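Structure assessment
Now for the letters of each chain:
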Amino acid sequence: MVILYGILALLILFAAIVLLRAAKFKPDGILPEASEKPDLNFEKAVSHFSELIRFKTVSSYDWDEVDEAEFEALRTRLKTLYPRVHTHCTREEVGKTGLLFRWPGKQSGAPTVLMSHYDVVPAVESLWTHPVFEGAVEDGFIWGRGTLDTKGTLCGILEAVEYWIEKGFVPAQDVYLSFSGDEEVSGPSAPAIVRHLKERGIHPALVLDEGGAVVDGVFPGVTFPTAMVGIGEKGYMDVRFEVTGKGGHASAPPPHSLLGDVARAITKIETHPFKAHLTPPAKEMLETLGRYSSFGMRVVLANLWCFEPLIKVLFTKQGGEMNAMIRSTVAVTRAEGSKAYNVLPPKAYVGLNLRLLVTEDKDSALEHLTRTINDPRFEAHIVDYRSASPYASTASDGFAAVKRAIEKTWSSTIVSPYLMLAGSDSRHFSDICDHVLKFSAMHLSKEELGLIHGNDERIAVEGFEDMISFYVHLIEML
Ligand SMILES: [Zn+2]
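Residues numbered from 1 in each chain as written. Predicted model: local features only at pLDDT ≥ 70, side-chain atom pairs only at ≥ 80, totals over all residues. Heavy atoms only, no water.

**What about the overall build of the protein?**
Helix and strand content of the protein: 15 helices and 17 strands. Expected size for 478 residues packed as a compact globule is a radius of gyration near 23 Å; at 25 Å, the protein falls within 12% of this value. For the protein, the C-alpha atoms occupy an extent of roughly 75 × 75 × 50 Å along the three principal directions. With 478 residues in all, the protein has 52% of them scored as buried. Counting only contacts in the protein whose residues sit at least 6 apart along the sequence, the fraction spanning at least 24 positions is 82%. Summed over its atoms, the accessible surface of the protein is roughly 21900 Å², and 56% of this surface lies on carbon and sulfur atoms. With 48 positive and 62 negative side-chain charges, the protein shows a separation of 7 Å between the mean positions of the two kinds. (Helix = DSSP H or I, 4+ residues; strand = E, 2+ residues; numbered from the N terminus. Rg over C-alpha atoms; globule rule 2.2 N^0.38 Å. Buried < 20%, exposed > 50% of the residue type's maximum accessible area, 1.4 Å probe, protein only. Contact = heavy atoms within 4.5 Å. Areas by Shrake-Rupley, 256 points an atom, 1.4 Å probe, with all protein chains shown as cover. Lys, Arg positive; Asp, Glu negative; His and termini not counted. Charge placed at Lys NZ, Arg CZ, Asp CG, Glu CD.)

Here is the structure:
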């Protein structure tokens, strides 16, 4: 009986602690209202933007397919579209397509780098409502390839700098504008710019490139829009596991063909995922968004000390982005056996695409896969690899400035760190900067998110104006 009472008392104590912590797990204050829009000629900015869309700056892994004249023409046109930028900043062409501006500040402290890229992915013209490279302004939208990814931020940055120069504003420290024309093909220009800055001993206090956006309904129970600011980027690895046999005629097959072995390997890989970790970006995201969530979610998230395993199970079951934020992932993307129906495969392989947390490198990832497949006949070949970027701190002045600029642009918006799952040029900057942030300054609906790299890519005129306003607010704090 005494034991029973003891257990009961412990249970009550446990429930009390859990509920008390959940009750205290609340937002820090009221989400601020946006500031007035800057007194900028937005109409003129839209016409500049339309014009930039018209340059067919489609990048390709095959440089022979690239129309370099279009890239050159865009770079040249910037000189007349943004005359003040070109008189007050130094402009250098770096690497194959890189464009680097330096806007001198009052002091010589660590500078800020604002990044974008002006190359775009290809489009199938016949599937679009408006021409892909016309920059049509219709139905309250600016249409065209690159409006979201990411000639919008290119234009937003330049409009904002032009605006401030006209006002006679001088930033406290130097501001660099770093634009590449080969981001979509993981090209050499951003690395060339980083090398160039490194040679000059420059270590930026903040680098801001494309990344998360302001989105809705991103987290269960959260009804406010949320600005997702990437504080790190996952690593990337393509690997191929190959098995070799005798081949032969398909009329008298052995009990198991090589493809059967590959299938077994795939099953093992898919049933043995990498271990889950509540990484710093995931933890900070839960800590930020959890406060705005339903009471049920707050009970769990305010008590990660006991519910962390539960969260990992939930995210794993949910799959998709939440799962990808807490573990290195493997996608089985390719496989091949024989070239003909009537020939046993002399060779078979499975191709895997991995996205790695910073806790994993190519050796440890390969070890995990080899151990999982557990068949010495399989030979591994790494086809491509780049390491994950280290995590930026959210306690920096740079993060605070980006947060404040977001709050001044979008009313009642939560600013949350997260781990970016895709890649961007800014990963190269981790070599010279500890504070690399990834945020695309736009509020996108679920539908608009799907337009990135898709058909009918377009941005609302108002959204484009907010994009410029964001950079205007941010620059004022630099
Ligand atoms: Zn992009």
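**Focus: the coordination of the zinc ion**
Around the zinc ion, the donor atoms from the protein are His117 (NE2), Asp149 (OD), Glu210 (OE) and Glu210 (OE), and they sit 1.9 to 2.7 Å away. If you look at the zinc ion, its 4 donor atoms make angles of 52 to 151 degrees with each other, and the shape they trace is irregular. Within one chain, the residues serving as donors to the zinc ion are arranged as H-x31-D-x60-E. Here His117 is found in strand E3 (residues 112–117), whereas its partner Asp149 is found in the loop between strand E5 (141–143) and helix H5 (151–166), with 32 residues between them in sequence. Residue class for Asp149 comes out buried when judged on its relative accessible area of 9%. (Donors = N, O, S within 2.8 Å, 3.2 Å for Na, K, Ca; no water. Tetrahedral: all angles 85-135°; square planar, octahedral: opposite > 155°, others 65-115°.)

**Quick notes on the pairing of E3**
Among the 6 residues in E3, 6 count as buried, and that is most of the element. Neither face of E3 is open: one carries Thr112, Leu114 and Ser116, the other Val113, Met115 and His117, and all of them are buried. The sheet contact formed by E3 and strand E6 (residues 175–180) spans 6 bridges and is parallel. The residue bridging Met115 from the neighbouring strand is Ser178, located in E6. Direction of pairing for E3 relative to strand E7 (residues 206–215): parallel, over a ladder of 3 bridges. Note on E7: the bridge partner recorded for Leu114 is Leu208. (Pairing = 2+ DSSP bridges.)

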